[in-house]
Amino acid sequence: MQTVITTITDMFPQHFRKRKWIVVIGSSTVCFLLGLVLCSRAGMYLLQLIDSYAATWSVLIIGFTECVVISWVYGIDNFLANISSMLQKDIWPYMYWKIMWKYVTPVLILFILVFTWFDFSPLEYGGYDYPGWADGVGWCLSFASILCIPIVAFVKVYHEPGSTILSKLRRLIKPERSWGPALEKHQRLVMEQTQGFHDPASHRPMLISESELPLAKHHSRVNAMDFDSSHVFAHGNERLASESTF
């Protein structure tokens, strides 16, 4: 429930950030009404159907996608730097989290996903074998949330300017240069963590991924204390939030 409430308040902060009680009451009411059907005589069979499909395949696929996007597209070093600036302390042990999130976790999730596919069997409960159409409904429930990933990716690629699909993909998978925390007190910490690298065009500090670090060293540096942080990260949050699912 908290995930739903947080998502709604973050999507519409101007309406619900200070009126969180409206989201809480509305979400609780909707979930209560939807849950009434599970109190019927067929409720246990519906519960088994939802429990078997809604939170298995989708969770694994979404979790794997998030690990790949955060660790390999956005950059695990950038991600750890963001956590460090929000916590205002160093991440320890740094290499442990880097290895776990970049290598171990994606491999484990992929292994569990493949093993779950091979171990799949039609649903049954209490000696009752569910009909084929019920399993079809379960698969629809499972992939309803996953479909958002390819659909958003297709829309982004379609509207992105470029001559080829590959060039569009290369542009879309790079985080916005101005991406960073919303609070000004954290922005200066990010400027220190970017080691003074800046974009010559916008004069904004850059988050440097591992692959870009050798090239970025050839750029000039700026003094973080002389930089006006009030103009930093003005438009970066919206784009990366919409592109992170890719």
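Residues numbered from 1 in each chain as written. Predicted model: local features only at pLDDT ≥ 70, side-chain atom pairs only at ≥ 80, totals over all residues. Heavy atoms only, no water.

Asks: Just to check I follow, could you spell out the environment of Ile8 for this structure?
Replies: Along the chain, Ile8 turns up in helix 1 (residues 2-11). For Ile8, the contacting residues outside a window of four places in its chain are Phe16, Val23 and Ser27. (Helix = DSSP H or I, 4+ residues; strand = E, 2+ residues; numbered from the N terminus. Contact = heavy atoms within 4.5 Å.)

Asks: Can you walk me through the packing of aromatic side chains in this structure?
Replies: A ring pair, where both rings are aromatic, is described by two values, the distance of the centres and the angle of the planes. Overall, the coordinates contain 18 aromatic pairs when judged by the stated rule. Taking 5.5 Å as the distance between ring centres and 85° as the angle between the ring planes, the aromatic pair formed by Tyr45 and Tyr125 counts as edge-to-face. Taken together, the positions of Tyr45 in helix 4 (residues 43-53) and Tyr125 in strand 1 (residues 124-125) put the pair 80 residues apart, joining distant regions of the chain. Seen from their ring centres, Phe79 and Trp101 are 5.6 Å apart, and the 65° between their planes marks the pair as edge-to-face. Placement of Phe79 in helix 5 (residues 57-87) and of Trp101 in helix 6 (residues 94-118) is noted, with a sequence separation of 22 residues between them. Using a relative accessible area of 24% as the deciding quantity, one classes Phe79 as partly exposed. In this structure Trp101 comes out as partly exposed when scored by relative accessible area, which is 27%. Taking the ring centre of Trp72 as reference, the NZ or CZ of Lys102 above it sits at 4.7 Å. (Phe/Tyr/Trp six-rings, centres within 6.5 Å; stacked < 30°, edge-to-face > 60°. Buried < 20%, exposed > 50% of the residue type's maximum accessible area, 1.4 Å probe, protein only. Lys NZ or Arg CZ within 6 Å of the ring centre and 35° of its normal.)

Asks: Which parts of the structure should I look at to understand helix 6?
Replies: Its 25 residues place the ends of helix 6 35 Å apart at the C-alpha level, agreeing with the 36 Å of an ideal helix rising 1.5 Å per residue. Where helix 6 bends most, the angle comes to about 45°, and this point is Met100. Within the sequence span of helix 6, burial applies to Lys98, Lys102, Thr105, Pro106, Ile109 and Leu113. In this fold, the buried residues of helix 6 make contact with helix 5. (Expected span 1.5 Å × (residues − 1). Bend = angle between axes of the 7 residues up to and from the residue.)

Asks: Hey, could you run me through the packing of helix 1 against helix 3 (residues 20-35) in this one?
Replies: Each packed pair of helices is defined by two parameters, the angle between the axes and the distance between the axes. Put simply, helix 1 and helix 3 touch, their axes get as near as 10 Å, and they point 135° apart. Taken together, the axis directions place helix 1 and helix 3 in an arrangement best described as oblique. For helix 1 against helix 3, the interelement crossing comes out right-handed. Taken together, the residues of helix 3 that come into contact with helix 1 (itself represented by Gln2, Val4, Ile5, Ile8 and Thr9) are Lys20, Val23, Val24 and Ser27. Of the residues in the contact of helix 1 with helix 3, the class split is five nonpolar, three polar and one charged. (Axes fitted to C-alpha atoms, helices over the stretch in contact; angles between N-to-C directions. Parallel < 35°, antiparallel > 145°, perpendicular 65-115°, else oblique. Left-handed = near helix turned anticlockwise from the far one by under 90°. Nonpolar A, V, L, I, M, F, W, Y, C, P; charged D, E, K, R; others polar.)

Asks: Looking at this structure, I do not really get the nonpolar core. What am I missing?
Replies: Counting twelve residues, the largest nonpolar core is built from Leu49, Tyr53, Trp57, Leu60, Ile61, Cys67, Ile109, Leu113, Leu123, Tyr130, Ala134 and Ile146. Looking at this core, the elements that each hand over two or more residues are helix 4, helix 5 and helix 6. For this core, the element with the most residues is helix 5, which contributes four residues. Not counting chain neighbours up to four residues away, the residues in contact with Leu123 comprise Gln48, Leu49, Ser52, Tyr53, Tyr128, Asp129, Tyr130 and Asp135. (Core = buried A, V, L, I, M, F, W, Y, C linked by side-chain atoms within 4.5 Å.)

Asks: What's the story with the confidence of the model for the protein chain in this structure? I'm lost.
Replies: Fine structural detail should not be taken from predicted coordinates in areas where pLDDT scores are low. The predicted model of the protein chain averages 77 in pLDDT, with 72% of residues at 70 or higher. Within the model, pLDDT remains below 50 along residues 196-205, and this stretch shows 35 contacts once partners closer than five positions in the same chain are excluded. Scored below 50 in pLDDT, residues 207-246 shows 83 contacts in the model against residues more than four places distant or in partner chains. (pLDDT = per-residue confidence, 0-100.)

Asks: What is the right way to look at a nonpolar patch on the surface in this model?
Replies: Judged by side-chain polarity, Val37, Leu38, Met44, Tyr45, Leu46, Leu47, Ile50, Tyr128, Trp133, Val137 and Leu141 come together as a nonpolar surface patch covering roughly 950 Å² of accessible area. Listing elements by their share of the nonpolar patch, those giving two or more residues are helix 4 and helix 7 (132-144). At five residues, the largest contribution of residues to the nonpolar patch is made by helix 4. Among the secondary structure elements, Trp133 is positioned in helix 7. The exposure class of Trp133 is exposed, given its relative accessible area of 65%. (Patch = residues over 30% accessible without salt bridge, like charges linked within 9 Å, V, L, I, M, F, W, Y side chains within 5 Å. Areas by Shrake-Rupley, 256 points an atom, 1.4 Å probe, with all protein chains shown as cover. Salt bridge = Lys/Arg side-chain N within 4 Å of Asp/Glu carboxyl O.)

Asks: Just checking my understanding: could you explain helix 5 for this structure?
Replies: An α-helical turn contains 3.6 residues, so any two residues separated by three or four positions project in the same direction. With 31 residues, helix 5 extends only 33 Å from end C-alpha to end C-alpha; this falls clearly short of the ideal 45 Å at 1.5 Å per step. The largest bend in helix 5 amounts to roughly 100° and is located at Gly75. Of the residues flanking the end of helix 5, it is Gln88, one or two places downstream, whose phi is positive at about 60°.

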